[in-house]
Amino acid sequence: MVNTEILGNRTNSSVPLGVRNSLGGRGYTSTRNSCKLCAPLGASLVFKGIEGCVPLIHGSQGCATYIRRYMISHYKEPVDIASSNFSEETTVFGGSRNFITGIDNIIKQYKPQVIGIASTCLSETIGEDIPGHIRNYCETYKGLEKNLPTFIHASTPSYCGSHAEGYYNTVLATIKTVTEYEKTDNSITIIPGMVTPADIRYLKELLDDFGLKYTLFPDYSETLDNEYTSEYQLIPTGGTPIWKIKRIGNSKAVIEFGNVFNKGVSRTKDVGTIQSAGEWLESSLYIKNYQMPQPIGIEASDRLMDVLKELSGKEIPEKHRKERGRLVDAYVDAHKYVFGKKALLYGEEDFVTALADWLREIGIETYFKKGADFETLREEAENFKPDLLIGNSKGYYIARERKIPLVRLGFPIHDRFGASRIHQIGYRGTQELFDLVVNALIEYKQENSPIGYKYL
Amino acid sequence: MAKTLIEDLELGKFVEEVSEAYPKKVAKKRMKSMVVNDPDSIPEIQANVRTIPGIITQRGCTYAGCKGVVLGPTRDIINITHGPIGCGFYSWLTRRNQTRADKPEMENFIPYSFSTDMHDSNIVFGGEEKLKQAIREAYELFKPKGIAIFSTCPVGLIGDDVHRVARHMKEELPGVNIFGFSCEGYRGVSQSAGHHIANNGLYKNLIGNNDNYVRKNKYAINVLGEYNIGGDAFVIEDLFEKIGVDIVATMSGNSTLEQFETAHTADFSLVMCHRSINYVAEMLETSFGIPWAKANFIGAEATAKTLRKVGQYFGDQELIDRIEAVIAEEMIPVKAAIEKAKAKTEGKTAMLFVGGSRAHHYQELFTELGMEILVAGYEFGHRDDYEGRRVIPSIKVDADSRNIEEITVYPDPTRFKPRKTEEELAQLKEAFDIEFNDYKGIMKDMKKGTLVVDDLSHHEMEKLIEKYKPDVFCAGIKEKYVVQKMGIPMKQLHNYDNGGPYAAFEGAINFYKDIEMIACSTIFKQMKAPWELEEVLEAEYVFN
Ligand code: SF4
Ligand code: SF4
């Protein structure tokens, strides 16, 4: 059973949990140990998925520093993000001078093909006109525009949405800014959402195996999980080239993973009129949009394969058919470990809902709650009594307190190694997730057994 | 006479070369922040000025300095971030400041991150009511002794007054000390503005609130500017336990609200991180008559020197004997560890770019390992941290510094009691060379010809490494993977790469081992594949 609502009656079993009553059961106004991050982080992730792109966060330097810090400790790669470095004066007189200096310096140091600009709470609060700044900047280089990088702007005030909103809005903003339509060709576009670099590599392999011509955007599989290069790369290689993003308009179809997109619970404005990138491409450029949840699990991955079969006119390649077969086989073999277990999930809504569908597929009961912070989840866990937690590193304290395993997925993972290399979608990713979950449960059982069995 | 390594490198040339990548104006500005050192005639360095937009910096924001650094390590004050969600999330348990409650049932709020998570309606209509409600909730949940409110960037602009809210809530919740900080991220050029704001707040709201400190030992001191990263403060606590001196307050590693409130009862303050806490040290001196001296527990020799200072200050032979006994005992394993490590580390080179004092403190450890510091600098230091406090009167006050409230402190009418007379201090200085209420800065301790760079940019870092290939590069997580991608071993001196403690004798031994391990790591030799190696040989041949 997937339970997305608050569970029934709760018992007050520890001091902090009892407080709920004195607050009249209204729930909390404050956010206690947040489950979400802020919007420019999501924007930066998208910008890292564009070839030759340097992100600039228009606001005070702290946001860029914090965001870099989190991305770097998760991906374990250099992540350069510039800031326009507002001062008190800037908040009074506006940020156009900082903007110009910032862009000048980025161009001089990096010679980027693209500069991706995200706003912050501060620049949005003072009403910065970033599109205007960009226009003015280009004005001064009239006639020399060819030498300028492409500018992409995404509006990302965090008081209007979380990092997920920031991510999806930036995908949309990039496509709206760059994409042109010439004539429809035989290619497709795939927008996978906030998946891992390993997932992106997997998707590319899969599409190649189907013989499809495609544009995958945003592609941070190399920029955020790079090989060791003996020469230091100022801007790491990889990323979706801008000329390919331009041609997205020519695609015959789009595949986008998700069902919440930039319309999540953290979104506080315009929920009704907001479109995802795929929806926009469909409504504005009449490109057929195959929207589907992130393909985690057999059912969800089958759906992806069906679409790929339809679009390529080919049967599912042997390699992938076999991956499916092995996955089914594994389900059968490990059924006894997972069936009837309960998992508490948290993270980005699109990821969590896809995970929940998969867990149901393998017989694990799930609990998650839209918009909840960690303390609320901790309280709910009293009643739900999960056997394991699935989510990012920040929930570790709940697992520790309850003495149950935490399977680390999502963002940020800063207390385990190799987050970039986890596969979580398709048959291959599902297999990896399945092994992780099964082994977490086995390990738990083994460690808590008084006998210490070696065969389980 | 043969040239020394440092003379040979001619680091001065680097400054012009590296500036070439900048537009002219930027180059001009950056060149003032890069100077060749001369300890006998200390040159002026530009520091604590705004990072230029578009230049990638190591620095964080004012909020980070106030909430994250100074107030963050205290375990029994609830910290509420007033603002949108990101700032609070990012500052949640990201520094490795440890804490250890005396008993398991005692409060520890460090794992909690309270935020008002402002939404657009709060930005438009104000967020004070939401903040009040958050304070009520924090109170209902934990009944804490203290609640601190931290403003993030949008707060000041939309006209929310966290101090008004604090006053209001203090009336509503009597017995709880509630206070706010106007530490919006844009206020200063770096974390250091936040340190200053935090220092002012500590003085105004906590220090001096409680006269009832019960001593265990005859003498009592404060350890200021020690944040217990990787357990450093624990080792220092143990050390003072051994020599039989009370630590009334550590600011703020492993601290409690009560420690701040009673700090004014100590006899002497030792200052570790001068940058982040010198204002409190000064205020304790002016208000209560407690002298302070710069201390350093990073490095075995430095630790011994600091302990001896304490003995000399109190001038008690029994204490001095205890200190000497502890030093003698601790130095045995230290010496052995140094000997062992030195075989690998002697003659190697290091560069350090951390914090507002760490780049200075850690030089001691590298020197003990026989290593040479080529270049060093601070992330958020001021000129006095480089050139010494003597330059303070001549530091230009710019718009950014004017932003920060300067509070005037007077001697406390009833509790000001100079712990030492002027003459006694002069005698101590004369006899033992103890500098009271002073810090001589990093440059005095760096060799002639070394390079000092303030607010090192990403670009400058790459060029330094490319050109001089140090054996160890020290900075923080944001620099880590850039350095490693360039094939240079990297040591994080903010979070210690999950190592530590590195303070005092025990910590020094840990550090020697870690550096020895890094210095002889074979991984960095394997970074080139065999087919790449050939190319390099060729290149070398041509070069010769
Ligand atoms: S918004 Fe301001 S306070 Fe928050 S992280 Fe950014 S600079 Fe710091
Ligand atoms: S002010 Fe906004 S953009 Fe900056 S860190 Fe805070 S939530 Fe994120």
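Everything quoted here is computed from the prediction, not taken from an experiment.

Draft legend 1. Fine view of the site of ligand 2. Surrounding ligand 2, one finds C38(A), P40(A), C63(A), T120(A), C121(A), S158(A), P84(B), G86(B), C87(B) and Y90(B). The local environment of ligand 2 is shared, drawing residues from chains A and B. The residue makeup of the shell around ligand 2, split by class, is seven nonpolar, three polar and no charged.

Draft legend 2. How the structure looks around the site of ligand 1. Looking at ligand 1, the residues that line it are S60(A), G62(A), C63(A), Y66(A), C61(B), Y63(B), C87(B), T152(B), C153(B) and G185(B). The element that contributes the greatest number of residues to the shell around ligand 1 is helix α3 (residues 61–75) of chain A, accounting for three residues. Of the residues in the shell around ligand 1, the class split is six nonpolar, four polar and no charged.

Draft legend 3. How the structure looks around the sheet that holds strand β3 (residues 114–115) of chain B. Pairing is mixed across the open sheet formed by five strands, whose spatial order is β2(A)-β3(B)-β2(B)-β4(B)-β5(B). The open sheet has two free edges, formed respectively by β2 (31–32) of chain A together with β5 (177–181) of chain B, since each of these has just one partner strand.

Draft legend 4. Focus on the domain arrangement of chain B. Residues and elements named next belong to chain B. For chain B, the assigned domains are domain 1 (62–187) and domain 2 (220–344 + 387–432). Facing the 17 residues of domain 1 at the interface are 19 residues of domain 2. Carbon and sulfur atoms make up 51% of the surface buried where domain 1 meets domain 2, a total of about 1,600 Å² over both sides. Counting across the domain 1 and domain 2 interface gives one salt bridge. Between E237 and R100 there is a salt bridge; the shortest N-O distance is 3.6 Å. One can count ten residue pairs in polar contact (both at pLDDT 80 or more) joining domain 1 with domain 2.

Draft legend 5. Spotlight on the nonpolar core. Counting 166 residues, the largest nonpolar core has M71(A), I255(A), W358(A), I390(A) and M251(B) as its most contacted members. For this core, the leading source of residues is helix α17 (residues 426–447) of chain A, giving eight residues. Structurally, this core is a two-domain feature, drawing no fewer than three residues from each of domain 1 (62–187) and domain 2 (220–344 + 387–432) of chain B. If we ignore the near neighbours within four places in the chain, the residues touching W358(A) are I296(A), G297(A), Y331(A), T430(A), L433(A), F434(A) and V437(A). Counting residues in each nonpolar core, the second largest holds 72 residues, with V235(B), L319(B), Y496(B) and A504(B) among its members.

What counts and what doesn't
- Residues numbered from 1 in each chain as written.
- Chains lettered and ligands numbered in written order.
- Predicted model: local features only at pLDDT ≥ 70, side-chain atom pairs only at ≥ 80, totals over all residues.
- Heavy atoms only, no water.
- Near = heavy atom within 4 Å.
- Nonpolar A, V, L, I, M, F, W, Y, C, P; charged D, E, K, R; others polar.
- Helix = DSSP H or I, 4+ residues; strand = E, 2+ residues; numbered from the N terminus.
- Pairing = 2+ DSSP bridges.
- Domains from an automatic or database assignment.
- Contact = heavy atoms within 4.5 Å.
- Buried area = accessible area lost by both parts, 1.4 Å probe.
- Salt bridge = Lys/Arg side-chain N within 4 Å of Asp/Glu carboxyl O.
- Polar contact = N/O pair within 3.5 Å; in protein donor to acceptor, adjacent residues only side chain to side chain.
- Core = buried A, V, L, I, M, F, W, Y, C linked by side-chain atoms within 4.5 Å.
- Buried < 20%, exposed > 50% of the residue type's maximum accessible area, 1.4 Å probe, protein only.

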